[in-house]
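Residue-level structure breakdown
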Amino acid sequence: MAKKCFGYDALRGGNILLEFDQTILLADDLVEPVEGLPYVAPGFIDLQVNGFDGVDYNSPETTHEDIARSLRTQFATGTTRLLPTVITGSREGMLGSLQNLYAAKLALPEGEAIAGFHVEGPHIAAEDGPRGAHPVQHVRKPDVEEYRRWQEATDGLIKLVTLAPEWPEAPAYIEALVRDGVTVSIGHTAAKREHIQAAVSAGATLSTHLGNGAHSVMSRHPNYLWEQMAEDRLNADFIVDGIHIGEAFLKVALRAKGIDRSILVTDASSPAGAKPGRYFLGDQPVDLTEDDRVVLAGQTRLAGSALKMHKGVENLMKMAGLTLVEALTMATRNPARVGRIGGRMKGLAAGEKADFVVFDFDEAAKSIRIRETWINGNCFFRE
Ligand SMILES: [Zn+2]
């Protein structure tokens, strides 16, 4: 028997009735006026999550129970699909983390939310600044054989790979991945214009957390930030926590890319959603400070964020003046399209997966309160 949900369609406006089982069967306008319905929108999609609620995705030893808890904590933030992200590490460590996450996906009811995996690195820039918090000893050149082992370990669920395009091997590597349907993103890079152009010609379509993983001081122009902002064939994702990038850069970058090419990611690491203190990102100790920064232990260098998706949507409105529709588009349709998340590209429409969030929205305060999170027609969070 089909389930039903009534709400105000946050993307298209107007009250709607959703009928659904695992997929949406019907999305129809309500003819009768109804006051006071909650907002409903497609569930949020986060293309970059290193961990959550004290749980580190970059360890082969992380238990299924912990992974389940970290997913449930994310459901309370409106996330319905995510790409757990494995960063630069040893060959065995990265492969082990991917195997462990894939086993958890198969074993857990919450694993439905794992739409695939993002591998960020290890083929990134080795120098300080662009490398960010990735461990330098494990940076290495692109290797298609290693990528094939990641795919074998996850039954082909590597969906997104971030690399620095200045490696001489990068164009051939990108072409091989794109042939497999993998989205390739540029990040943690010190690339020159010609490297970026070659990567795009080879099929790269995204810039990873544009504005971060960069030198603190660089040539005013040309530089790799302008080159990526100016390249219309590249989408871009942004960590909108108010810490990683300021309002001016965010506004300018969003105008350069346009809303349709812009994506919200959390880049959350294990302390996100947890209390201030010491945590781990792979082998590296990291601290969550009182003001919600995640830094390498004892340093100021950022090592992921403590951002939650619904807070990112709020921040897009507060920091960059976006409308709710624009901010939600960056958290739903755009990551579905660029990350090739099947059944999620059309929003609340018949035939799509029944993934949606029910929430209250305070227009004056630009604040969102998540009330329910549904994945594949099942309620995984209710306030
Ligand atoms: Zn990064």
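Right, let's walk through the structure included here. (Residues numbered from 1 in each chain as written. Predicted model: local features only at pLDDT ≥ 70, side-chain atom pairs only at ≥ 80, totals over all residues. Heavy atoms only, no water.)

**A word on the packing of aromatic side chains**
Geometry of an aromatic ring pair is reported as the spacing of the ring centres plus the angle between the planes. A complete count under the given rule lists nine aromatic pairs for this structure. Pairing F20 with W374 gives two aromatic rings, centres 5.3 Å apart and planes at 80 degrees, and the pair type is edge-to-face. Remark: W374 occurs in strand β19 (residues 367–375) and F20 occurs in strand β2 (residues 15–20); sequence separation between them is 354 residues. Connected via pairs of aromatic rings, a cluster forms that spans Y8, Y39, F359 and F361. (Phe/Tyr/Trp six-rings, centres within 6.5 Å; stacked < 30°, edge-to-face > 60°. Helix = DSSP H or I, 4+ residues; strand = E, 2+ residues; numbered from the N terminus.)

**A look at the sheet that holds strand β8 (residues 79–87)**
Strand order in the open sheet formed by eight strands is β5-β8-β9-β10-β11-β12-β13-β14, and the pairing between neighbours is parallel. The open sheet has two free edges, formed respectively by β5 (44–49) and β14 (262–265), since each of these has just one partner strand. In the packing of helix α4 (residues 170–179) onto the sheet, contacts are made with β10 (158–163) and β11 (183–186), and the angle to β10 comes to roughly 165 degrees. Across the sheet, helix α7 (residues 247–257) is in contact with β13 (235–239) and β14; its angle to β13 comes to roughly 160 degrees. (Pairing = 2+ DSSP bridges. Contact = heavy atoms within 4.5 Å. Axes fitted to C-alpha atoms, helices over the stretch in contact; angles between N-to-C directions.)

**Description of the side chain of Q151**
For Q151, the location among the structural elements is in helix α3 (residues 144–153). A polar atom in the side chain of Q151 sits 3.3 Å from the backbone nitrogen of L157. Contact partners of Q151, with chain neighbours within four places excluded, come to G156, L157, I158 and V182. (Polar contact = N/O pair within 3.5 Å; in protein donor to acceptor, adjacent residues only side chain to side chain.)

**As for the pattern of salt bridges**
In the structure shown here, the tally under the stated rule is 23 salt bridges. The closest approach of N and O atoms between R278 and D287, which form a salt bridge, is 2.5 Å. Residue R278 is classed as exposed on the basis of its relative accessible area, which comes to 53%. Linking K311 and E314 is a salt bridge whose minimum nitrogen-to-oxygen distance equals 3.3 Å. Of the two residues, K311 and E314 both sit in helix α8 (residues 309–320), three residues apart, roughly one turn of that helix. Taken together, the shared-partner salt bridges in this structure form one network comprising R81, E112, R344 and D355. (Salt bridge = Lys/Arg side-chain N within 4 Å of Asp/Glu carboxyl O. Buried < 20%, exposed > 50% of the residue type's maximum accessible area, 1.4 Å probe, protein only.)

**Let's talk about the coordination of the zinc ion**
Coordination of the zinc ion by the protein involves E120 (OE), H188 (NE2) and H209 (NE2), with metal-donor separations of 2.0 to 2.1 Å. We note that the donor set of the zinc ion lies within a single chain, spaced as E-x67-H-x20-H. Residue E120 is found in strand β9 (residues 117–120), and its partner H188 is found in the loop between β11 and α5 (193–202); the two are separated by 68 residues along the sequence. You'll find E120 and H188 in the same group, each marked buried. (Donors = N, O, S within 2.8 Å, 3.2 Å for Na, K, Ca; no water.)

**Re the layout of surface pockets**
The rolling of a water-molecule-sized probe over the atoms marks out the regions of remaining empty space. When its volume is computed, the largest pocket comes out at roughly 430 Å³. As for the largest pocket, its lining consists of 23 residues, of which G132, A133, N212, G213 and L302 are closest to the centre. Classifying every residue of the lining of the largest pocket gives seven nonpolar, 13 polar and three charged. Its volume calculated, the second largest pocket comes out at about 260 Å³. Lining the second largest pocket we find 19 residues, and of these N58, T88, G89, G282 and D283 sit closest to its centre. For the lining of the second largest pocket, the elements supplying multiple residues, two or more each, are β8 and α2 (91–107). (1 Å grid on protein atoms, 1.4 Å probe; cavity = no way out; pocket = protein on both sides within 12 Å on 5 of 7 lines; lining within 4 Å. Points joined across faces, edges and corners; volume = space filled by probe spheres on them. Nonpolar A, V, L, I, M, F, W, Y, C, P; charged D, E, K, R; others polar.)

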